[in-house]
Amino acid sequence: MAIDYQSLAVSGVQALSPYQPGKPIAELARELGLNPADIIKLASNENPLGPSPKAVQAAQKAMGELCLYPDGNGFNLKQALAKRFTVETSQLTLGNGSNDLLEVIARCFASADDEVIYSQYAFAVYPIVTQAIGARGVCVPAQHWGHDLNAMAEAITDRTKLIFVANPNNPTGTVHGAKALKAFMDKVPARVLVVLDEAYCEYMQGEDDADGLVLLPDYPNLIVCRTFSKAWGLAALRIGYSISSAAIANILNRVRQPFNVGSVSLAAATAVLGDEAYLNEARRVNSDGLAQLGAAFEAMGLSYIPSTANFIAVDVGEHAMDVYQALLAHGVIVRPVAGYGMPRHLRVSVGLAKENARFIEALSQTLVASGQGA
Ligand SMILES: *Cc1c(COP(=O)(O)O)cnc(C)c1O
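Residues numbered from 1 in each chain as written. Predicted model: local features only at pLDDT ≥ 70, side-chain atom pairs only at ≥ 80, totals over all residues. Heavy atoms only, no water.

Visitor: How should the pairing of strand β10 (residues 311-315) be read in this particular structure?
Guide: Each regular strand shows side chains that alternate between the opposite faces of the sheet. Burial runs high along β10: 5 of the 5 residues are buried. Of the two faces of β10, the one holding Phe311, Ala313 and Asp315 and the one holding Ile312 and Val314 are both buried throughout. Sheet topology note: the strand β9 (residues 304-305)/β10 ladder contains 2 bridges and is antiparallel. From the neighbouring strand, Tyr304 faces β10, where its bridge partner is Val314. (Buried < 20%, exposed > 50% of the residue type's maximum accessible area, 1.4 Å probe, protein only. Helix = DSSP H or I, 4+ residues; strand = E, 2+ residues; numbered from the N terminus. Pairing = 2+ DSSP bridges.)

Put into structure tokens, the structure is as follows:
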């Protein structure tokens, strides 16, 4: 008799729908017979500058030792991170991308029937990791597309083990300032861990910007997660880190895979931390691009969610999926977010000025052709 392997999976996994990544350039090129060089991808919040030459050079150098296992403790990178952020190396945990850490944290601290709180419209990985471990996800309705931190604090019960907060949030780009975040931490009992996902923190430029590291000394239940995938331009290498109390890092480091980050990634990440000019250029290109896209949306009469990150969610009307498809035909890949319960929006990553311009041109042609827009 044929075995139904689906039925053998643990119950949370049976009901899981996988994370939907942005469409790769090579895939669209194959599907539409386009030249990959003619396609622009503004779909995965990658750094449009390309990688830092310092990172590339370090990665190439590390290739000479591909036959060796990496340093499982990431000594050099931890030293560099500890110096940059004035923390102890014992507070650091490295991950195969920060997604790896989100999953490790959930597995370390929550199990079946525990509750994990996150916001409506928050990053899709939170419900996925919660469900995979059989914990109960508590999705708190958003406020103006952002996290309703008061409601999230009120949702805490005796069973709550973990709260995920994305700041800025993906896919909405919404953010909470330092005061709001501190007020939230004051309401969370010390037995409940707060994962502050700061994947886009390098892009924030406001005065009241929240910085999880400032809160860490006062809140040992806080775990700050960051990544080299976005502003640091190393998405392909899969490397992120968390900063927490040493006690929590000790737990995470027991459960992560012993060699979860490769040598090439460690070398490139260590090198890029020394390339402040690259980071500054990424910030500049991003703030210019956000202004360029915002102005274009206003000119087209489209509403959008003001963003502090390197992407922007724009309301293109009820036929957003058709608009997405039409943009693909123009060789422009953006991200539909219907899966997030945002069927009218498309999420557009900020590109170089000329890429943004090409997206704007394709979008306006598409909306004119469909009779939408102004
Ligand atoms: C991109 C992103 C991450 C980081 O992913 P990596 O695994 O480090 O590439 C984490 N959280 C959010 C909210 C993100 O958008």
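Still to come is the rest of the account.
Visitor: Is there a simple way to explain the packing of helix α14 (residues 320-329) against helix α15 (residues 353-369) in this structure?
Guide: Between two packed helices, both the angle of their axes relative to each other and the distance between the axes serve to describe the pair. Put simply, α14 and α15 touch, their axes get as near as 10 Å, and they point 125 degrees apart. Considering their axes alone, α14 and α15 lie oblique with respect to each other. Crossing handedness for the pair α14 and α15: right-handed. For the pair formed by α14 and α15, the contact residues are Val323, Ala326 and Leu327 on the first element and Phe359, Ala362, Leu363, Thr366 and Leu367 on the second. (Axes fitted to C-alpha atoms, helices over the stretch in contact; angles between N-to-C directions. Parallel < 35°, antiparallel > 145°, perpendicular 65-115°, else oblique. Left-handed = near helix turned anticlockwise from the far one by under 90°. Contact = heavy atoms within 4.5 Å.)

Visitor: Just checking my understanding: could you explain the pattern of salt bridges for this structure?
Guide: Side chains carrying opposite charge are able to pair once their charged atoms draw close together. Scanning the entire structure with this criterion turns up 13 salt bridges. One salt bridge connects Lys161 with Asp114, and the closest N-O pair in it is separated by 3.6 Å. On the criterion of sequence distance, the pair formed by Lys161 in strand β5 (residues 160-166) and Asp114 in the loop between α6 (98-109) and β3 (115-119) is long-range, its members being 47 residues apart. The exposure class assigned to Asp114 is buried, which follows from its relative accessible area of 15%. Of the charged contacts, one joins Lys182 and Asp186 as a salt bridge, the two residues approaching to 3.7 Å between their closest N and O atoms. Pair noted here: Lys182 and Asp186 are both in helix α9 (residues 178-187), with a separation of 4 residues, about one helical turn. Within the structure, one salt-bridge network assembled from shared partners comprises Lys23, Glu27 and Glu31. (Salt bridge = Lys/Arg side-chain N within 4 Å of Asp/Glu carboxyl O.)

Visitor: Mind showing me how you'd approach the nonpolar core here?
Guide: The biggest cluster of nonpolar side chains holds 55 residues, and the ones touching the most others in it are Leu77, Leu81, Ile163, Val165, Phe184, Leu222 and Phe228. Sort the elements by how many residues they give to this core and helix α12 (residues 263-272) lands first, with 5 residues. No fewer than three residues from each of domain 1 (5-50 + 277-369) and domain 2 (53-272) sit in this core. If we ignore the near neighbours within four places in the chain, the residues touching Phe184 are Leu149, Met152, Ala153, Ile163, Val165 and Val194. (Core = buried A, V, L, I, M, F, W, Y, C linked by side-chain atoms within 4.5 Å. Domains from an automatic or database assignment.)

Visitor: Help me out: how do you make sense of α15 in this one?
Guide: Along an α-helix, residues three or four apart share an orientation, since each turn contains 3.6 residues. Look at α15: 24 Å from first C-alpha to last across 17 residues, which is about the 24 Å you get at 1.5 Å a residue. Of the residues making up α15, those classed as buried are Glu355, Asn356, Phe359, Ile360, Ala362, Leu363, Thr366 and Leu367. Buried-residue contacts for α15 involve β1 (40-41), α13 (276-299), α14, β11 (332-333) and β13 (345-349). With its phi angle positive at about 75 degrees, Gly371 sits one or two positions after the end of α15. (Expected span 1.5 Å × (residues − 1).)

Visitor: What exactly am I supposed to notice about the side chain of Asn169 here?
Guide: With respect to the element layout, Asn169 can be found in the loop between β5 and α9. For Asn169, the side chain forms a polar contact with the main-chain oxygen of Tyr121, separated by 2.8 Å. Not counting residues within four places of it along the chain, the set of residues in contact with Asn169 comprises Tyr121, Ala122, Phe123, His147, Thr174 and Phe311. (Polar contact = N/O pair within 3.5 Å; in protein donor to acceptor, adjacent residues only side chain to side chain.)

Visitor: Could you clarify how one ought to interpret the sheet that holds strand β4 (residues 136-140) in this entry?
Guide: Pairing in this open sheet of 7 strands is mixed, and the strands run β2-β8-β7-β6-β5-β3-β4 from one edge to the other. In this open sheet, the two edge strands, each paired with only one partner strand, are β2 (92-95) and β4. Adjacent strand axes in the sheet meet at a mean angle of 20 degrees when their direction is disregarded. Direction of pairing for β5 relative to strand β6 (residues 193-197): parallel, over a ladder of 5 bridges. The partner of Phe164 across the bridge, within β6, is Val195. Packing of helix α7 (residues 125-132) onto the sheet brings it into contact with β3, β4, β5 and β6, and relative to β5 it is tilted by some 160 degrees. Sheet strands in contact with helix α11 (residues 246-255) are β2, β6, β7 (222-227) and β8 (240-243), and its direction is about 30 degrees off that of β2.

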